[in-house]
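# Structural characterization, general
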Amino acid sequence: MPRSVRGRVTLAATFAAAIALGVAAAVIATTIPRALEAQLASRVNQAVQAQAADARRGAVPAELSTPPGTDLLQVIAADGTVLGTSTQAGDQNRFGALPTPTAERLTTTYGRPDLPGASEEYYIAALRTTTPNGPVTVYGAEDVSATRQAVRLLYFTLAVALPALLFMVGLAAWTAVGQALRPVKRIRTQLATITAGDLGQRVTVPETGDEIAALATATNDTLGRLERSTATQRHFVSDASHELRSPITALRTQLELAVAYPRDTDWPEVGARSLEAVDRLSLIIDELLLMARLDAGAVPDRRRVDLGELARGQAARRAGVRAEVADGAFVDGSPIQLDRLLTNLLDNAERHARSRVDLSVAVTGGQVVLTVTDDGNGIAPEDRERVFERFTRLREGRERDQGGSGLGLALSRQIAAVHGGSLTITDHGPGAQFRAVFPLAP
């Protein structure tokens, strides 16, 4: 069995054609010879029956006319006398060697009449009937050499044409598949030249509009997503390195100064600052690990969670947060991650609020809608998508919280996404309003 697609398709097409042509050849080789012999027999039989009908009426001319398809025709009396004969048969009884047929019953056979130069077989029909002058036998014969020659020519034609047709089918299939797979070979060659350092290349899309063109388009779409993913990953690594460098540098500086000047060092203060730096490092690492798990679509401990109950717990632990929570706000997901989303949104709102934060959980239209609203300065429309990017911190956020990582809102949107929901910023004044929507759990 060939290993290439081209070889397998060619072999399959040739095999299918061989079956079809073989069946057709068998039908032709069976039906056509039978049809030719049946036509020949029918012509001779009709000529004999017609002459027998004339003889019964007493019409037996000495010279008989042969219709097309009958070479010999004779009417023989019971004593062997030739009463009527066709020109080619002559005056002698050409069928005397044959047995006398049964009365009024057409008898057929293959044989050689007593005719000079007759080397081929003839189809012979005989019918014995009664006439006013006594019983007679009507004989008719037709040379079958032409028919058998036509059959032999048919067999020869089939024997030559069948392999030739199979060869043509195989050649056509091989050529057609090769032309069809030529764009695939070009795509494979182009893909082999694309490396991780140069994901901007694309494969050529053929203008055929067929499945291969769709494959090339899908390949380019995949390359585009891979390029964007790689760029995002590189940006993420760069931002993570930058964010981790600051607390590590601060911690190292403090420890180096403490080691260099141990007598002048306020160790409790150094310890407190070091702990702050370590806490910030732990927070960033925890958020990075969680984002990695969310990128993989991980939702651990998925179960039916009462989002309203989580919201009430968060509001009870925070001063200045007013909660309006509906009953039956169930979401299918992780209580830990959903609580993390609430924490991030409320921390962000408290950081920017002037005096109050409103928390709302409602059930509407088969969805659970969570909103967190503050009365701060709000977020400009052009920044409402940018704040969900990783390590993105607007100027006001940096001024209000120097130790933030810029991952909280990005984490919150990812948590909403892996729970089948969404997180957006809606128009509201004053302040900003974050709106998270989840499917209502059954």
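You'll find the structure just up there.
Reference entry: report on the structure contained in this document. (Residues numbered from 1 in each chain as written. Predicted model: local features only at pLDDT ≥ 70, side-chain atom pairs only at ≥ 80, totals over all residues. Heavy atoms only, no water.)

With that settled, consider helix H6 (residues 335–352). Here H6 contains 18 residues, and its C-alpha end-to-end distance of 26 Å stays within 8% of the 26 Å for a straight helix at 1.5 Å per residue. Within the sequence span of H6, burial applies to Pro335, Gln337, Leu338, Leu341, Leu342, Asn344, Leu345, Leu346, Asn348, Ala349 and His352. (Helix = DSSP H or I, 4+ residues; strand = E, 2+ residues; numbered from the N terminus. Expected span 1.5 Å × (residues − 1). Buried < 20%, exposed > 50% of the residue type's maximum accessible area, 1.4 Å probe, protein only.)

This part is about the packing of aromatic side chains. A full pass over the atoms with the stated rule returns three aromatic pairs. Ring geometry for tyrosine 110 and tyrosine 123: centres 5.5 Å apart, planes at 70 degrees, overall edge-to-face. Here the residue tyrosine 110 occupies a position in strand S4 (residues 107–111), and tyrosine 123 occupies one in strand S5 (residues 122–131), the gap between them amounting to 13 residues. Overall, the relative accessible area of 35% leaves tyrosine 110 in the partly exposed class. Both rings, one in phenylalanine 388 and one in phenylalanine 434, keep their centres 6.1 Å apart while their planes meet at 85 degrees; by these two values the pair is edge-to-face. On the criterion of sequence distance, the pair formed by phenylalanine 388 in the loop between strand S11 (367–374) and helix H7 (395–400) and phenylalanine 434 in strand S13 (residues 433–439) is long-range, its members being 46 residues apart. Over the face of the ring belonging to phenylalanine 330 we find arginine 304, whose NZ or CZ atom lies 3.8 Å from the ring centre. A cation over a ring is seen here: arginine 413 above phenylalanine 388, with NZ or CZ 3.9 Å from the ring centre. (Phe/Tyr/Trp six-rings, centres within 6.5 Å; stacked < 30°, edge-to-face > 60°. Lys NZ or Arg CZ within 6 Å of the ring centre and 35° of its normal.)

This paragraph deals with the environment of leucine 165. In this fold, leucine 165 is placed in helix H2 (residues 145–192). When the C-alpha atoms of leucine 165 and alanine 18 are compared, they prove to be 8.9 Å apart, with 147 residues separating the residues in sequence.

With that settled, consider the sheet that holds strand S2 (residues 72–77). Taken together, six strands build an open sheet; the order of strands is S1-S3-S2-S6-S5-S4 and the sheet is mixed. Only two strands of the sheet have a single neighbouring strand rather than two, namely strand S1 (63–64) and S4. When S4 meets S5, the two strands line up antiparallel, connected through five bridges. If you follow threonine 109 over to S5, its bridge partner there is isoleucine 124. Contacts from helix H1 (residues 5–56) reach S1, S2, S4, S5 and strand S6 (134–143) within the one sheet, and its direction differs from that of S5 by about 20 degrees. (Pairing = 2+ DSSP bridges. Contact = heavy atoms within 4.5 Å. Axes fitted to C-alpha atoms, helices over the stretch in contact; angles between N-to-C directions.)

At a minimum axis separation of 9 Å, H6 and helix H8 (residues 408–418) run at an interaxial angle of 145 degrees. You can see that H6 and H8 cross each other, and the crossing is left-handed. Within the contact between the two elements, H6 uses Gln337, Leu338, Arg340, Leu341, Asn344, Leu345 and Asn348 and H8 uses Gly408, Leu409, Leu411, Ser412, Ile415, Ala416 and Val418. Across the contact of H6 with H8, the residue classes break down as eight nonpolar, five polar and one charged. (Left-handed = near helix turned anticlockwise from the far one by under 90°. Nonpolar A, V, L, I, M, F, W, Y, C, P; charged D, E, K, R; others polar.)

Turning our eyes to something else, we now look at H1. Taking 1.5 Å per residue, 52 residues should reach 76 Å; H1 reaches 75 Å between its end C-alpha atoms and fits that length. Just beyond H1, the residue with positive phi is glycine 58, at close to 90 degrees.

Attention now moves to the sheet that holds S11. Pairing within the open sheet is mixed, and its five strands lie in the order S8-S10-S11-S13-S12. Across the chains shown, the open sheet's two edge strands, defined by having one partner strand only, are strand S8 (321–325) and strand S12 (422–426). Direction aside, the axes of adjacent strands within the sheet are offset by 15 degrees on average. Here S8 runs beside strand S10 (residues 357–364); their pairing, made up of five bridges, is parallel. Directly across from valine 321, in S10, lies its bridge partner valine 357. Running over the sheet, helix H5 (residues 307–316) touches S8, S10, S11 and S13 and is turned about 160 degrees from S8. This element, H8, spans S12 and S13 of the sheet and lies at about 130 degrees to S12.

So, about the nonpolar core. The biggest cluster of nonpolar side chains holds 33 residues, and the ones touching the most others in it are Leu307, Leu345, Leu359, Leu370, Phe434 and Phe438. Elements supplying a minimum of two residues to this core: H5, H6, S10, S11, H8, S12 and S13. Here this core takes six residues from H6, the largest share from any one element. Not counting residues up to four positions away in its chain, the partners in contact with leucine 345 are Leu370, Val372, Leu409, Ser412, Leu423 and Phe434. Within the second largest apolar cluster, 15 residues are counted, among which are Leu40, Val44, Tyr123 and Leu127. (Core = buried A, V, L, I, M, F, W, Y, C linked by side-chain atoms within 4.5 Å.)

Two elements, S10 and S11, share eight bridges in a ladder whose sense is antiparallel. Considered in S11, the bridge of leucine 359 is made with valine 372. What sits between S10 and S11 in their antiparallel hairpin is a turn of two residues, with glycine 365 showing a positive phi close to 55 degrees.

Turning our eyes to something else, we now look at the side chain of arginine 318. Position of arginine 318 among the secondary structure elements: in the loop between H5 and S8. There is a polar contact of 2.8 Å between the side chain of arginine 318 and the side chain of aspartate 347. Discounting chain neighbours no more than four positions away, the residues touching arginine 318 are Thr343, Leu346, Asp347 and Glu350. (Polar contact = N/O pair within 3.5 Å; in protein donor to acceptor, adjacent residues only side chain to side chain.)

For the rest of this paragraph, the subject is the environment of glycine 96. With respect to the helices and strands, glycine 96 occurs in the loop between strand S3 (82–86) and S4. On a C-alpha basis, the gap between glycine 96 and proline 113 in space is 8.6 Å, while along the polypeptide they are 17 residues apart.

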